[in-house]
Protein chains: 2
Amino acid sequence: MRKAYTPETAAADVEKTLHVLGGRWKLIILFHLFGGKQQRYSELERLIPGISPKMLAQQLRQLEGDGLVARKLYPQVPPKVEYRLTDWGQALCPALDAVLQWAEQKPEAGAPCEEAGS
Amino acid sequence: MRKAYTPETAAADVEKTLHVLGGRWKLIILFHLFGGKQQRYSELERLIPGISPKMLAQQLRQLEGDGLVARKLYPQVPPKVEYRLTDWGQALCPALDAVLQWAEQKPEAGAPCEEAGS
DNA sequence: CGGTATCCCCTACGATACTG
DNA sequence: CAGTATCGTAGGGGATACCG
């Protein structure tokens, strides 16, 4: 059974969730990891033009801390680190798809739907 | 047929969409309008403790500009304004529900799922 | 009643230099 | 290779006062 939501609790829960995705680069990182892809730190840096090492590391740490991304360190020299999605992180995909589908439904600015009704 | 997405375009589209919901109070406002509810400005102010008139007006303007909320002005004195969701705004509900369902799936911190696998 | 206008602050973000 | 440390900035948000 689902939780019972009031406007406040529902909003707070969604807000907390969106905060997890709220970083400037997090979605880009996630989309580079969807589908079971594993990427090294330097690979992500290359795939995401414009990101600074500080931001990449920070966003990855936060995603890791929030349980979306798993970090695998190979104890060798030179160091090697791979990032992948956790099961839960991968499970984000359908939810984001729902968001995208909603965005695609947006009526054009000049569409007669909303204006006609009033 | 759905659009074709690369990691960049998908991330950018989701980002744009989440930006629409990104204000500090927007989700709270939306959840107070879901289900066809109409609310006056002062009613929203009362329903949302802590919000300042500036923020309420600003967030409503942005939601209106993004096409989620419709503003209905009754030209009378004293003035009366009612806010409701557009059809598209109401259609957000299932997408947010998908997000909430995903959030509810989050495994507990100590759960053995992720640790055991590696 | 239903808002603006103004001022201040804080945090996310960016650039750059450096390190185990 | 895979990161930290440090400094600087922009704008989103909060408190308050005022207006048609």
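Remember, predicted model here, so these are calculated numbers, not experimental data. (Residues numbered from 1 in each chain as written. Chains lettered and ligands numbered in written order. Predicted model: local features only at pLDDT ≥ 70, side-chain atom pairs only at ≥ 80, totals over all residues. Heavy atoms only, no water.)

Undergrad: I tried to follow the overall build of chain A on my own but got confused; where do I start?
TA: Secondary structure summary: chain A contains seven helices and three strands in total. What you see in chain A, going N to C, is helices and strands ordered as α-α-β-α-α-β-β-α-α-α. Dimensions of chain A, computed from C-alpha atoms along their principal axes, come out at roughly 70 × 40 × 25 Å. For chain A, the residues scored as buried account for 37% of the 118 residues in total. Nonlocal contacts in chain A, meaning residues at least 24 apart in sequence, comprise 49% of its contacts between residues at least 6 apart. Chain A carries 15 positive and 14 negative side-chain charges, and their two centres are separated by 11 Å. (Helix = DSSP H or I, 4+ residues; strand = E, 2+ residues; numbered from the N terminus. Buried < 20%, exposed > 50% of the residue type's maximum accessible area, 1.4 Å probe, protein only. Contact = heavy atoms within 4.5 Å. Lys, Arg positive; Asp, Glu negative; His and termini not counted. Charge placed at Lys NZ, Arg CZ, Asp CG, Glu CD.)

Undergrad: It is not clear to me how the protein's contact with DNA strand D should be interpreted in this structure. Could you clarify?
TA: The environment of DNA strand D is formed by 21 residues, the closest being A:Ser42, A:Arg71, A:Tyr83, B:Trp25 and B:Lys54. Protein-proximal atoms of DNA strand D, defined as those within 4 Å of the protein, fall in sugar or phosphate at a share of 68%. Interatomic distance of 2.7 Å between a side-chain N/O atom of A:Ser42 and a phosphate oxygen of DNA strand D. Between a phosphate oxygen of DNA strand D and a main-chain N or O atom of B:Arg24, the distance comes to 2.9 Å. Within the residue set of the surface near DNA strand D, elements represented by two or more residues are helix H3 (41–47), helix H4 (53–65) and strand S3 (80–85) of chain A together with helix H4 (53–65) of chain B. Ranked by the residues each element gives to the surface near DNA strand D, the list is headed by H4(A), at four residues. For the surface near DNA strand D, the per-class residue count stands at ten nonpolar, four polar and seven charged. (Near = heavy atom within 4 Å. Polar contact = N/O pair within 3.5 Å; in protein donor to acceptor, adjacent residues only side chain to side chain. Nonpolar A, V, L, I, M, F, W, Y, C, P; charged D, E, K, R; others polar.)

Undergrad: Just checking my understanding: could you explain the packing of helix H6 (residues 92–104) of chain A against helix H1 (residues 7–20) of chain B for this structure?
TA: When two helices pack together, their arrangement is captured by the angle between the axes and the distance separating the axes. Between H6(A) and H1(B), the least distance of the axes is 10 Å, while the angle of their chain directions is 75°. Taken together, the axes of H6(A) and H1(B) lie roughly perpendicular to each other. Between H6(A) and H1(B), the contacting residues are A:Leu96, A:Val99, A:Leu100, A:Trp102 and A:Ala103 on the first element and B:Ala10, B:Asp13, B:Val14, B:Thr17 and B:Leu18 on the second. Its residues assigned to classes, the contact of H6(A) with H1(B) shows eight nonpolar, one polar and one charged. (Axes fitted to C-alpha atoms, helices over the stretch in contact; angles between N-to-C directions. Parallel < 35°, antiparallel > 145°, perpendicular 65-115°, else oblique.)

Undergrad: Would you take a moment to explain the sheet that holds S3(A) for this structure?
TA: Sheet strands associate in pairs through backbone hydrogen bonding, adopting either a parallel or an antiparallel arrangement. Residue and element names in this part refer to chain A. One open sheet holds the three strands; their spatial order is S1-S3-S2, and the pairing between them is antiparallel. Only two strands of the sheet have a single partner each, and these edge strands are strand S1 (39–40) and strand S2 (69–74). In the sheet, S1 pairs with S3 via two bridges, with the strands oriented antiparallel. Bridge pairing in S3 places Gln39 opposite Tyr83. (Pairing = 2+ DSSP bridges.)

Undergrad: Please clarify how the packing of aromatic side chains should be interpreted in this entry.
TA: Within a pair of aromatic rings, the relevant descriptors are the distance that separates the centres and the angle that separates the planes. In this structure the tally under the stated criterion is four aromatic pairs over all chains. With 4.1 Å between their ring centres and 5° between their planes, A:Trp88 and B:Trp102 make a pair best called stacked. Of this pair, A:Trp88 sits in helix H5 (residues 87–90) while B:Trp102 sits in helix H6 (residues 92–104), which puts the two residues in different chains. For the pair B:Phe31 and B:Phe34, a centre-to-centre distance of 5.2 Å together with 80° between the ring planes defines the contact as edge-to-face. Of the two residues, B:Phe31 and B:Phe34, neither departs from the other in class, the shared state being buried. The residue whose ring lies beneath A:Lys80 is A:Tyr74, and the NZ or CZ to ring-centre distance is 4.8 Å. (Phe/Tyr/Trp six-rings, centres within 6.5 Å; stacked < 30°, edge-to-face > 60°. Lys NZ or Arg CZ within 6 Å of the ring centre and 35° of its normal.)

Undergrad: What should I look at first to understand the protein's contact with DNA strand C in this one?
TA: In the region of DNA strand C, 21 residues are neighbours, and A:Arg24, A:Lys54, B:Ser42, B:Arg71 and B:Tyr83 sit closest. For DNA strand C, the backbone makes up 64% of the atoms found within 4 Å of the protein, where backbone means sugar plus phosphate. Between DNA strand C and B:Arg61, the relevant distance is 3.0 Å, taken from a phosphate oxygen to a side-chain nitrogen or oxygen of the residue. The separation between a phosphate oxygen of DNA strand C and a polar side-chain atom of B:Arg71 is 2.6 Å. By residue class, the composition of the surface near DNA strand C is ten nonpolar, four polar and seven charged.

Undergrad: I tried to follow the relation of the copies chain A and chain B on my own but got confused; where do I start?
TA: What relates the two chain copies is a rotation about an axis together with a slide along it. For the pair chain A and chain B, the relating rotation is 180°, the translation along its axis is 0.0 Å, and the fit reaches an RMSD of 0.1 Å. Interpreted geometrically, this transformation is the action of a two-fold axis. A symmetric contact is evident, with 100% of the interface residues of chain A recurring at the interface of chain B. (Least-squares fit on C-alpha atoms with pLDDT ≥ 70 in both.)

Read these as layout, nothing more, since geometry by itself doesn't imply function.
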